[in-house]
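Reading the structure
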Amino acid sequence: RAKRIGGHQIKTYVDGMEEANRRQAVIAADLKSVISDDQLRLYVQPQNDARTLELTGYEALLRWEHPEKGLIGAADFIPIAERTGQILDIGQWVLEAACQHAVSWDPAIPVSVNASPLQLSRSNYPAIVSQILIETGLPAQRLEIELTESSIIEDHDRVLQAIKALRDMGVRVSMDDFGTGYSSLNTLQNFPFDKIKVDRVFTQSIETDPRSRAIIRSAVLLGHSFKIPVLAEGVENKIQLDFLTEAGCAQVQGFLFGRPIPASDVPSNVEQALLTEELRTNLAGSRQ
Ligand code: C2E
Ligand code: MG
Ligand code: MG
Ligand code: MG
């Protein structure tokens, strides 16, 4: 009997795998025309100063407006685009769109753009970035590139070269999803980052897990020693914000401050000032 159940479970598992593979193949096929059919949408999410709550930047986050499936989040197609190599074209599209939008914002507000391992491993990546800055007229100082640890382990020397070239141009480079890779500390030791973004898994367990709180405090200490700011991702409530502020995080990002919005809906300066006031008022209860 046990054998039969085992066999059944294996069959279900294999069916599930086949189903998942089929779905991915369909997405990969649809992805091919995503740029020519104008289906990519640039969304942005605010990043705020942890103490003053003022806007400090926007992160560009990609969405796919699929003709039948509707709006698809980055997590559901970026990994597939990475496997097919399409991320190279898509990544360039995002960079262009993000820089184009950012030139129309307040000149103090930077944009950060996520980069994939494959992009970083191409020797022409810094040249592409430089070209886009020239074409769009965005000053290099207003562009930030976010790298996760997985971007780095693939081709250590090439990536180090790319990071140095970007920083020489004046572009800043952040370490994204800090704390979730194999060796976050080793990566910090070997690569010159301008900011640490602590992964949202730590933020989201602040209230329940003393270890998460300890890890966040350690990340802040590291940031202080390296003289670079630490941003906490995924902030959803006041309790988390209060801990992060007290711990010394410089910046915060998350649904508490705003969900990703279409880049064309970025508020004007005046509207932004009102939003900051509104945020301060709403959160006043928990601040001293
Ligand atoms: P990420 O760079 O760590 O981006 C943050 C993700 O967390 C975003 O998901 C964002 O919508 C979500 N998020 C923000 N605040 C909160 C919060 O308070 N609570 C919760 N539960 N989630 C929050 P998204 O947009 O689905 O992006 C997922 C990942 O896809 C990104 O993680 C990034 O690694 C990748 N990605 C997004 N856009 C691009 C892109 O243009 N190029 C590349 N290469 N990767 C991208
Ligand atoms: Mg990011
Ligand atoms: Mg992140
Ligand atoms: Mg992430």
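Right above here is the structure, for reference.
Cut-offs applied
- Residues numbered from 1 in each chain as written.
- Chains lettered and ligands numbered in written order.
- Predicted model: local features only at pLDDT ≥ 70, side-chain atom pairs only at ≥ 80, totals over all residues.
- Heavy atoms only, no water.
- Axes fitted to C-alpha atoms, helices over the stretch in contact; angles between N-to-C directions.
- Helix = DSSP H or I, 4+ residues; strand = E, 2+ residues; numbered from the N terminus.
- Parallel < 35°, antiparallel > 145°, perpendicular 65-115°, else oblique.
- Left-handed = near helix turned anticlockwise from the far one by under 90°.
- Contact = heavy atoms within 4.5 Å.
- Nonpolar A, V, L, I, M, F, W, Y, C, P; charged D, E, K, R; others polar.
- Near = heavy atom within 4 Å.
- Polar contact = N/O pair within 3.5 Å; in protein donor to acceptor, adjacent residues only side chain to side chain.
- Areas by Shrake-Rupley, 256 points an atom, 1.4 Å probe, with all protein chains shown as cover.
- Buried < 20%, exposed > 50% of the residue type's maximum accessible area, 1.4 Å probe, protein only.
- Pairing = 2+ DSSP bridges.
- Donors = N, O, S within 2.8 Å, 3.2 Å for Na, K, Ca; no water.
- Expected span 1.5 Å × (residues − 1).
- Phe/Tyr/Trp six-rings, centres within 6.5 Å; stacked < 30°, edge-to-face > 60°.
- Lys NZ or Arg CZ within 6 Å of the ring centre and 35° of its normal.

Contact geometry for helix H10 (residues 210–226) and helix H11 (residues 238–247): axes closest at 10 Å, N-to-C directions at 40°. One way to sum up the angle between H10 and H11 is to call them oblique. Considering the relative orientation of H10 and H11, their crossing is right-handed. Taking contact as the criterion, the partners of Arg 213, Ile 216, Arg 217 and Val 220 in H10 are, on H11, Phe 243, Leu 244, Glu 246 and Ala 247. Its residues placed into classes, the contact of H10 with H11 shows five nonpolar, no polar and three charged.

Glancing now at the site of ligand 1. Of all residues adjacent to ligand 1, which total 24 residues, the nearest are Arg 63, Ser 116, Arg 200, Glu 236 and Phe 255. The side chain of Asp 176 places a nitrogen or oxygen atom 2.9 Å from an oxygen atom of ligand 1. In the environment of ligand 1, an oxygen atom lies 3.2 Å from a nitrogen or oxygen atom belonging to the side chain of Glu 233. Within the complex, the protein chains bury 83% of what would otherwise be the 800 Å² of accessible surface of ligand 1. Put simply, the parts of the chain that give the shell around ligand 1 at least two residues each are strand S2 (55–66) and strand S6 (172–178). Examining the composition of the shell around ligand 1, we find that four residues originate from one element, S2, more than from any other. Each residue belonging to the shell around ligand 1 can be placed in one class, and the counts come to ten nonpolar, six polar and eight charged.

Counting buried positions over the twelve residues of S2 gives ten, a clear majority of the element. Pairing of strand S1 (residues 40–49) with S2 involves nine bridges; the strand directions are antiparallel. Looking at the pairing, Gln 45 lines up with Glu 59 of S2. Between the antiparallel neighbours S1 and S2 lie five residues, among them Leu 53 with a positive phi of about 65°.

This part takes up the coordination of the magnesium ion (ligand 2). Of the protein atoms, only Glu 59 (OE), Asn 114 (OD1), Glu 146 (OE) and Asp 176 (OD) coordinate the magnesium ion (ligand 2), at distances of 2.0 to 2.2 Å. Look at where the donors of the magnesium ion (ligand 2) fall in the sequence and you get E-x54-N-x31-E-x29-D. The distance between the magnesium ion (ligand 2) and the magnesium ion (ligand 3) comes to 3.8 Å, and Asp 176 binds to both of them. Placement of Glu 59 in strand S2 and of Glu 146 in strand S5 (residues 143–147) is noted, with a sequence separation of 87 residues between them. Across the pair, Glu 146 and Glu 59 agree in class, each one buried.

With that settled, the discussion passes to unusual backbone geometry. The phi dihedral of Asp 177 is positive, around 55°, even though this residue is not glycine. Within the secondary structure, Asp 177 sits in strand S6. Even without being glycine, Lys 227 reaches a positive phi, approximately 55°. Tracing the chain through its elements places Lys 227 in the loop between H10 and strand S8 (230–232). The exposed category is assigned to Lys 227, whose relative accessible area is 75%.

Below, the discussion takes up helix H3 (residues 87–102). For H3, built from 16 residues, the straight-helix expectation of 22 Å at 1.5 Å per residue is met to within 8% by its first-to-last C-alpha distance of 22 Å. Residues Ile 87, Ile 90, Gly 91, Val 94, Leu 95, Ala 97, Ala 98, Cys 99 and Ala 102 constitute the buried set of H3.

This part is about the packing of aromatic side chains. Tallied over the full model, the rule gives three aromatic pairs. Arranged with centres 5.5 Å apart and planes meeting at 70°, the rings of Trp 64 and Phe 77 form a pair that is edge-to-face. On the criterion of sequence distance, the pair formed by Trp 64 in strand S2 and Phe 77 in the loop between strand S3 (70–73) and helix H2 (78–84) is long-range, its members being 13 residues apart. Overall, the relative accessible area of 1% leaves Trp 64 in the buried class. Among the residues examined, Phe 77 registers a relative accessible area of 0% and is labelled buried. Note on Phe 191 and Phe 193: the rings are 6.5 Å apart at their centroids and 45° apart in plane angle, and the pair reads as tilted. Here the two residues Phe 191 and Phe 193 agree in accessibility, since each one is buried. The side chain of Arg 63 reaches across the aromatic face of Tyr 43, ending 5.6 Å from its centre. Lying over the aromatic face of Phe 255, Arg 259 brings its terminal NZ or CZ to 3.9 Å of the ring centre.

Structural measurements only, silent on function.
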